[in-house]
Amino acid sequence: MNIKRTIALLCAAFTLVVPAPAVFAQAASSQTQAATNRIEDLEVSRQGGAVLLKLTLKEPLAAPPASFSVANPARIAFDFPGTVNGLGRSVQEIDQGDLRSANIVQAGDRTRLVLNVTKVTPFESRIEGRSVIISLGAAAPVGATTTQVSQAMANFAPSKSDAVAEGSSIRDINFRRGKDGEARVVVQLSNPDAGIDIRQQGGGLVVEFLKTSLPEHLRRRSDVTDFATPVTSMTAQQQGDNVRLQVTPNGKWEHNAYQSDNQFVLEVRRVVEDPNKLVQGAARGQYKGEKLSLNFQNIDVRSVLQVIADFTNFNIITSDSVQGNLTLRLKDVPWDQALDIILQAKGLDMRKSGNVIWIAPGEELATREKLQLEAKAQIGDLEPLQTESFQINYHKSKEIFDFLKSKDQTMLSKRGSVVVDERSNRLFVTDVASRLAALASLIKDIDIPPRQVMIEARVVEANKDFARDLGVRLGYGDRRAKNLGDGAKIGFGSSEFGSFNSQTGEISTDPDTPINTIIHRVGENAVSGNGFLPTNPFGALNLTLFNRSLTRFLNLELAALESDGRGRVVSSPRILTANQVEATIKQGQEIPYVTPSSGTEPPTVSFKDAVLMLKVRPQITPDGRIQLKVEVSKDRADFSRSILGNPPIDKKSVTTEVMVENGGTVVIGGVFEEEETTNVDRVPLLGEIPYLGALFRSTTTQTARRELLVFLTPRIVADTLTLK
């Protein structure tokens, strides 16, 4: 029975509308604005390999209607401003060539014609009097007065007969990863009019740029697995006058393509297929089916399901227990959401297999599935066992054996068993065929060559030392006899005259002994003159004034010393390790420590490490970055000091966990030390006199700065080709 006649007999108004793309939002309005033109007729015919649509309007148009197209889903839209829909219907089923149907949607004072096609198709439009002729799939017939070719459509799928830009070339091919993990192939063209043809071939995508040249440095195969997108590789090559770009995805995927000026973008995103979802590729919790409007009053639920089946081309099977009537009014609702609403209203549920939907009460479906599962369990108990061997290449077979033998594993059935041969690194598993197939898939996923990471650490130690000594000594001496007794001397400061005996090495200060130009600083062993140098000869100045009889003298000593020292030590250990495998590298020495004897036991010797050590555990993230758990230490024995004859060990270490870009450098630690010391030596009282006290004062200033920095640079070691 005709479904429309059935609905009419039930006094239900049924309206089916597929709205235009989101470029034009439908404004729901009960009143139509004034329009001067009207679409009066729509005719469809075949001419050669083309499908011709003839729209007759009340008034002729001054120019062909504006048009645009989308690739997924394939649609072509024409806009008629100041025009209303006078056909009396909004949907026209056609099914000729690549044209499935046409939707005429009126919004306000404009009308949009949407052509639903099976694939992207070239089209042309022209005006003949009051008619607009639209040609799909081939060039327009001779005699056209005005022609408009959609630029968007020409960018995607021109036919072989279409004119394409001569001298077009590809300037660059880039690969990028989108924020949601989708793959983006970005092609820079020299001419935006270059013809592009996209098609699925085998398990991949083929993009052909017609009459386009490809530079030599872009003719290559690029492995893009490291980007963690659905695309694993892409190959660009020149084939005659065309350029072919082959994109190889894996798993389940969907694609979309668009062009903006000279930039063509092909997007490939992963699809996680849900067997219970009606429309695949839609985000979870969203409905992506084509929109429809339903208005029923007290209609049989089976009839409503039949209407949805006719609209979606799905095969719907309803159980005998699906009964009852319902009343609903839905406007511009995705068809999959409408189906969910109907099922919830009647307490029904569904199961989808391919393009077949089975609808029944929820309890009936649950009971049926329970019986199916129980039958499968019984078959598993009776199914014959098979034995299969698995060669483990990159893991230890003993590790997988221990996992399969654990109580928590669910890979083997209760009748399954496993044996390991560590010499050949193989597993021998006995189980039913379904479990063996699942185990083979698991081993294929985990038994892959581990990726490797090269980690380079740079430990930089820098020091700067500065010291300054500045002082003045003023002394007075008198060698004449005083009332204190013969040979007594009186004076202040630090110096007096004396003579030096080269044979005995002694200094004589007897007044009767000839003076041999020796100045002896009182209380010190240092002497000057006669070939002997003072302890610090740099910047030392000594001035002595004496009388003719050499019995009285005035001595002035000026000492100035400044030293500046700089040093830098760079240690750069490198280590190569597999992903998620800890590695350690050491370089240095072992310091012996002697433990004194106690009682009758002899002394013992033990050793402690004073080494530069790098311990690291890398983990490569899915987006190509590297997470490092690292420990760096630099120990050094200080032999300038000792405790019970054993040198102490200066330790510098850092332990942290960081995230680094591949090939990037990060500073994981730094220690800065600064030490400043000032010492003042002076004669009591005299050294405190303002200005004059500088003659009796010596000042020493020392400054020391030390800095430690640790740099890390990880790099993923992989034989891949980049796109730049």
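None of these values were measured; they are calculated from a predicted model.

> Sorry if this is basic, but what is going on with the overall build of the protein here?
Summing up its helical and strand segments, the protein has seven helices and 44 strands in all. Looking at the protein as a whole, 37% of its 724 residues qualify as buried.

> How should helix α7 (residues 433-446) be read in this particular structure?
Each α-helix turn comprises 3.6 residues. Residues three or four places apart therefore point the same way. Here α7 is 14 residues long and its end C-alpha atoms lie 20 Å apart, about the 20 Å a rise of 1.5 Å per residue gives. For α7, the set of buried residues is Leu436, Leu439 and Ile443. An end-on view of α7 places all buried positions within 65° of arc, on one side of the element. Turned more than 90 degrees from where α7 packs its buried face, Lys444 and Asp445 sit exposed.

> Just to check I follow, could you spell out the pattern of salt bridges for this structure?
A pair can form between side chains of opposite charge whenever their charged atoms are brought close. Summed over the entire model, instances satisfying the criterion amount to 27 salt bridges. Between Asp623 and Arg625 there is a salt bridge; the shortest N-O distance is 3.2 Å. Exposure remark for Arg625: the relative accessible area of 31% places this residue in the partly exposed category. Look at the salt bridges and you will find they share partners, linking Glu182, Arg184, Glu267 and Arg269 into a network.

> Help me understand the nonpolar core in this model?
Residues Ile170, Val185, Phe209, Leu245, Phe264 and Leu266 are the most contacted members of the largest nonpolar core, which totals 27 residues. Elements that contribute at least two residues to this core include exactly β12 (168-177), β13 (183-189), β14 (195-201), β15 (204-210), β18 (231-239), β19 (242-249), β20 (253-260) and β21 (263-270). When residues in this core are grouped by element, the largest group, four residues, is from β13. Ile299, Val304, Val307 and Leu339 belong to the second largest nonpolar core, which has 26 residues in total.

> When you look at the sheet that holds strand β26 (residues 356-361) in this model, what are you seeing that I'm missing?
Strand pairing within a sheet occurs via backbone hydrogen bonds; the two strands may be parallel or antiparallel. Across the sheet, which stays open at both edges, the three strands sit in the order β23-β26-β25 with mixed pairing between neighbours. Here the strands that pair on one side only, and so sit at the sheet edges, are β23 (315-318) and β25 (348-353). Between one strand and the next, the sheet's axes are offset by a mean angle of 25°, whatever the strand orientation. Helix α4 (residues 335-345) contacts β25 and β26 of the sheet and is inclined by roughly 140° relative to β25.

> Could you clarify how one ought to interpret unusual backbone geometry in this entry?
For residues besides glycine, phi is generally negative; the peptide bonds are generally trans as well. A positive phi angle, near 55°, is found at Asp95, a position not held by glycine. Relative to the helices and strands, Asp95 resides in strand β6 (residues 91-96). By relative accessible area, which is 57% here, Asp95 ends up exposed. One non-glycine residue, Lys211, lies in positive phi territory at about 50°.

> Before we go on, may I ask you to explain the packing of aromatic side chains in this structure?
Two measures describe an aromatic ring pair: the distance that separates the ring centres and the angle between the ring planes. All chains considered together, the criterion is met by four aromatic pairs. Summarising the aromatic geometry, the rings of Phe78 and Phe123 are spaced 5.6 Å apart at their centres and angled 80° between planes, so their arrangement reads as edge-to-face. Here Phe78 is found in strand β4 (residues 75-81), whereas its partner Phe123 is found in strand β9 (residues 123-128), with 45 residues between them in sequence. The same class applies to Phe78 and to Phe123, which are both buried. On the numbers, 5.0 Å between centres and 65° between planes, the contact of Phe175 with Phe227 is edge-to-face. On the criterion of sequence distance, the pair formed by Phe175 in strand β12 and Phe227 in the loop between β17 (220-223) and β18 is long-range, its members being 52 residues apart.

> Looking at this structure, I do not really get the confidence of the model for the protein. What am I missing?
Any segment with low pLDDT has predicted coordinates that should not be analysed in fine detail. The predicted model of the protein averages 75 in pLDDT, with 76% of residues at 70 or higher. Contacts for the low-pLDDT stretch residues 139-165, under 50 throughout, to residues beyond four places or in other chains number 67 contacts.

> Whenever I open this one, the packing of helix α3 (residues 301-312) against α4 confuses me. Can you help?
Any two packed helices are characterised by how steeply their axes cross, that is the angle between the axes, and by the distance between the axes. Following both chains from N to C, one finds α3 and α4 inclined at 165°, their axes separated by 11 Å at the closest point. Here α3 lies roughly antiparallel to α4, going by the angle between them. You can see that α3 and α4 cross each other, and the crossing is left-handed. Contact residues: α3 offers Val301, Val304, Leu305, Ile308, Phe311 and Thr312, while α4 offers Trp335, Leu339 and Ile342. The residue makeup of the contact of α3 with α4, split by class, is eight nonpolar, one polar and no charged.

> Help me out: how do you make sense of a nonpolar patch on the surface in this one?
Together, Val683, Leu686, Ile689 and Leu692 give the surface a local cluster of nonpolar side chains, amounting to about 280 Å² of exposed area. Note on placement: Val683 falls in the loop between β43 (666-682) and β44 (697-717).

> Would you explain the side chain of Ser233 in this entry?
In this fold, Ser233 is placed in strand β18. Polar contacts involving the side chain of Ser233 include one to the side chain of Arg221, which spans 3.5 Å. Every residue in contact with Ser233, bar those within four places of it in the chain, is listed here: Arg221, Ser222, Asp223, Val224, Gln246, Val247 and Thr248.

> So what exactly am I meant to see when it comes to empty space enclosed by the protein here?
If a probe the size of a water molecule is rolled over the atoms, the empty space left behind becomes visible. By the definition in use, this model includes two cavities of 30 Å³ or more. Put simply, the second largest cavity is a space of about 30 Å³. What lines the second largest cavity is simply Glu461, Lys634, Asp635, Arg636, Asp650 and Lys652. The element contributing the most residues to the lining of the second largest cavity is strand β41 (residues 626-637), with three residues. Residues of the lining of the second largest cavity, tallied by class, amount to no nonpolar, no polar and six charged.

> Can you walk me through the sheet that holds strand β40 (residues 604-620) in this structure?
As summarised here, the arrangement of the four strands in space is β39-β40-β41-β42, forming an open sheet in which the pairing is antiparallel. Of all the strands in the sheet, the pair left with one neighbour each is β39 (583-595) and β42 (649-660). Ignoring which end each strand starts from, the neighbouring axes of this sheet average 15° apart. Alignment of β40 against β41, held across nine bridges, turns out to be antiparallel.

> Would you mind showing me how to read the side chain of Thr577 here?
The residue Thr577 is located in strand β38 (residues 574-578) in this model. What makes Thr577 buried here is its relative accessible area of 5%. There is a polar contact of 2.9 Å between the side chain of Thr577 and the backbone oxygen of Val581. Residue contacts for Thr577: discarding those within four places in its chain leaves Arg451, Gln452, Val453, Ile455, Glu582, Ala583 and Pro618.

> For this particular structure, what's the right way to read α4?
Among the residues making up α4, those that are buried are Trp335, Asp336, Ala338, Leu339, Asp340, Ile342 and Leu343. Just past α4, the residue Gly347 takes up positive phi, approximately 65°.

> Looking at this model, I keep getting lost on the environment of Thr678. Mind explaining?
Structurally, the position occupied by Thr678 is in strand β43. Assessed through its relative accessible area of 48%, Thr678 is described here as partly exposed. For the pair Thr678 and Arg468, spaced 210 residues apart in sequence, the C-alpha separation works out to 9.4 Å. In this view, Thr678 contacts Thr699, Thr700 and Thr701; residues no more than four positions away in its chain are not counted.

Scoring rules and cut-offs
- Here the residue numbers are simple positions, counted from 1 along each chain's written sequence.
- Only residues with pLDDT of at least 70 are given local features in this predicted model, and only at 80 or more are side-chain atom pairs given and counted; all residues enter the totals for whole chains, interfaces and linings.
- Working from all heavy atoms in the structure, the side-chain values ignore hydrogens and water.
- Secondary structure elements follow DSSP: runs of H or I of four or more residues count as helices, runs of E of two or more count as strands, with numbering from the N terminus.
- For each residue, the accessible area found with a 1.4 Å probe, counting protein chains only, is set against the maximum for its type, and the residue is called buried under 20%, exposed over 50%, and partly exposed in between.
- A helix is expected to span 1.5 Å multiplied by its residue count minus one.
- The reported arc concerns the directions from the helix axis to the C-beta atoms and nothing else.
- Any Lys or Arg side-chain nitrogen found within 4 Å of a carboxyl oxygen on Asp or Glu counts as a salt bridge.
- Working definition of a nonpolar core: buried Ala, Val, Leu, Ile, Met, Phe, Trp, Tyr and Cys residues. They are joined through side-chain atoms within 4.5 Å.
- Strand pairing is defined by DSSP finding a minimum of two bridges between the two strands.
- Orientation is described by axes fitted as lines to C-alpha atoms, over the contacting stretch for helices, and by angles from 0 to 180 degrees between their N-to-C directions.
- The criterion used for residue contact is that any of the two residues' heavy atoms lie within 4.5 Å.
- Pairing of aromatic side chains here covers Phe, Tyr and the six-membered ring of Trp, requires ring centres within 6.5 Å, and sorts the geometry by plane angle: under 30 degrees stacked, over 60 edge-to-face, intermediate tilted.
- The predictor's confidence in any single residue is recorded as pLDDT, a number from 0 to 100.
- We call two directions roughly parallel when the angle between them is under 35 degrees, roughly antiparallel when it is over 145, roughly perpendicular when it lies between 65 and 115, and oblique otherwise.
- For a crossing to be left-handed, the near helix must be turned anticlockwise from the far one by less than a right angle; the clockwise case is right-handed.
- Note that Gly is not counted as nonpolar here; it falls among the polar residues with everything else outside the nonpolar set of Ala, Val, Leu, Ile, Met, Phe, Trp, Tyr, Cys and Pro and the charged set of Asp, Glu, Lys and Arg.
- Two distance rules govern patches: like charges are joined within 9 Å, and nonpolar side chains (Val, Leu, Ile, Met, Phe, Trp, Tyr) within 5 Å, applied only to residues with over 30% relative accessible area and no salt bridge.
- Note on areas: these come from Shrake-Rupley sampling with a 1.4 Å probe, and a residue is covered only by the protein chains present in the view.
- Throughout this description, a polar contact denotes any pair of N or O atoms lying within 3.5 Å of each other; where both atoms belong to protein, one of them has to be capable of donating a hydrogen while the other can accept it, and for residues adjacent in sequence the pair is counted only when both atoms sit in side chains.
- A 1.4 Å probe that fits but cannot get out identifies a cavity on a 1 Å grid over protein atoms alone, an open set with protein on both sides within 12 Å along at least five of seven lines counts as a pocket, and a residue lines either if it has an atom within 4 Å of a point.
- Grid points are joined across faces, edges and corners, and a volume is the space filled by probe spheres set on the points.

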